[in-house]
Amino acid sequence: MTVTYVIEGSQITDLERFWAVIGEAVNGPGGYFGRNLDAFADCLSGGMGTPDDGDFVIEWRDHALSARALGHEETARHLDRMAGRAHESNRNRLREESAQAALGRGPTLFDRLVEIVRDRTEPGTLRLL
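Here the structure is a predicted model, which is why all the values come from computation and not from measurement.

*Asks:* Looking at this structure, how should I read the environment of Ile-12?
*Replies:* Positionally, Ile-12 belongs in the loop between β1 (3-8) and α1 (15-27). On the basis of relative accessible area, Ile-12 is assigned to the buried category, the value being 3%. C-alpha of Ile-12 to C-alpha of Ala-76: the two residues are 64 residues apart in sequence and 17 Å apart in space. Among all residues touching Ile-12, those that are not within four sequence positions of it are Ile-7, Arg-17, Phe-18, Val-21, Trp-60, Ser-66, Ala-69 and Leu-70.

Laid out in structure tokens, this is it:
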């Protein structure tokens, strides 16, 4: 039986809130489902709340609201935070990506999250409503 996880896009105000919303959608109140892009990708592979057989759907309601909340401004903030913690060999790249995001260029966090879901799951797993 296919399991459906609902993301209420109207509840997402920034990346930290996305982690809470997806964690609760999959694993209930206070649930964990990754707190960074790599962990999120790993969690989609099963064993962290989703069925091991991959028979699930993520229904992202009001995704346009999430797309705005996880747009270029939030992407620039995220990349700035990452640059502050990154190894020196990655700092310049992250700062450049942040500068581009601040100018409204390049992929957003929303774009990256959608890409991760689509890359890690079967076609049709993600429904943007």
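*Asks:* What am I meant to see in the pattern of salt bridges here?
*Replies:* Side-chain pairs of opposite charge can arise whenever the charged atoms involved come near each other. Enumeration according to the criterion identifies 9 salt bridges in this entry. The partner of Arg-77 in a salt bridge is Glu-73, and the shortest N-O contact between them spans 3.0 Å. Of this pair, Arg-77 and Glu-73 both sit in helix α4 (residues 72-85), 4 residues apart, roughly one helical turn. A salt bridge links Glu-97 to Arg-93, with the nearest nitrogen and oxygen atoms 2.9 Å apart. Here Glu-97 and its partner Arg-93 are both found in helix α5 (residues 88-102), 4 residues apart, which amounts to about one turn of the helix. With relative accessibility at 34%, the residue Glu-97 sits in the partly exposed group.

*Asks:* Can you walk me through the packing of aromatic side chains in this structure?
*Replies:* Working definition: an aromatic ring pair is given by the centre-to-centre distance plus the angle between the planes. Inspection of the entire model under this criterion finds 7 aromatic pairs. On the basis of an interplanar angle of 80 degrees and a centroid distance of 5.6 Å, the ring pair of Phe-18 and Phe-40 is categorised as edge-to-face. Residue Phe-18 is found in helix α1, and its partner Phe-40 is found in helix α2 (residues 37-43); the two are separated by 22 residues along the sequence. Side by side, Phe-18 and Phe-40 carry an identical accessibility label, which is buried. Members of the aromatic cluster, joined through ring pairs, are Phe-18, Trp-19, Phe-33, Phe-40, Trp-60 and Phe-110.

What counts, and at which threshold
Residues numbered from 1 in each chain as written. Predicted model: local features only at pLDDT ≥ 70, side-chain atom pairs only at ≥ 80, totals over all residues. Heavy atoms only, no water. Helix = DSSP H or I, 4+ residues; strand = E, 2+ residues; numbered from the N terminus. Buried < 20%, exposed > 50% of the residue type's maximum accessible area, 1.4 Å probe, protein only. Contact = heavy atoms within 4.5 Å. Salt bridge = Lys/Arg side-chain N within 4 Å of Asp/Glu carboxyl O. Phe/Tyr/Trp six-rings, centres within 6.5 Å; stacked < 30°, edge-to-face > 60°.

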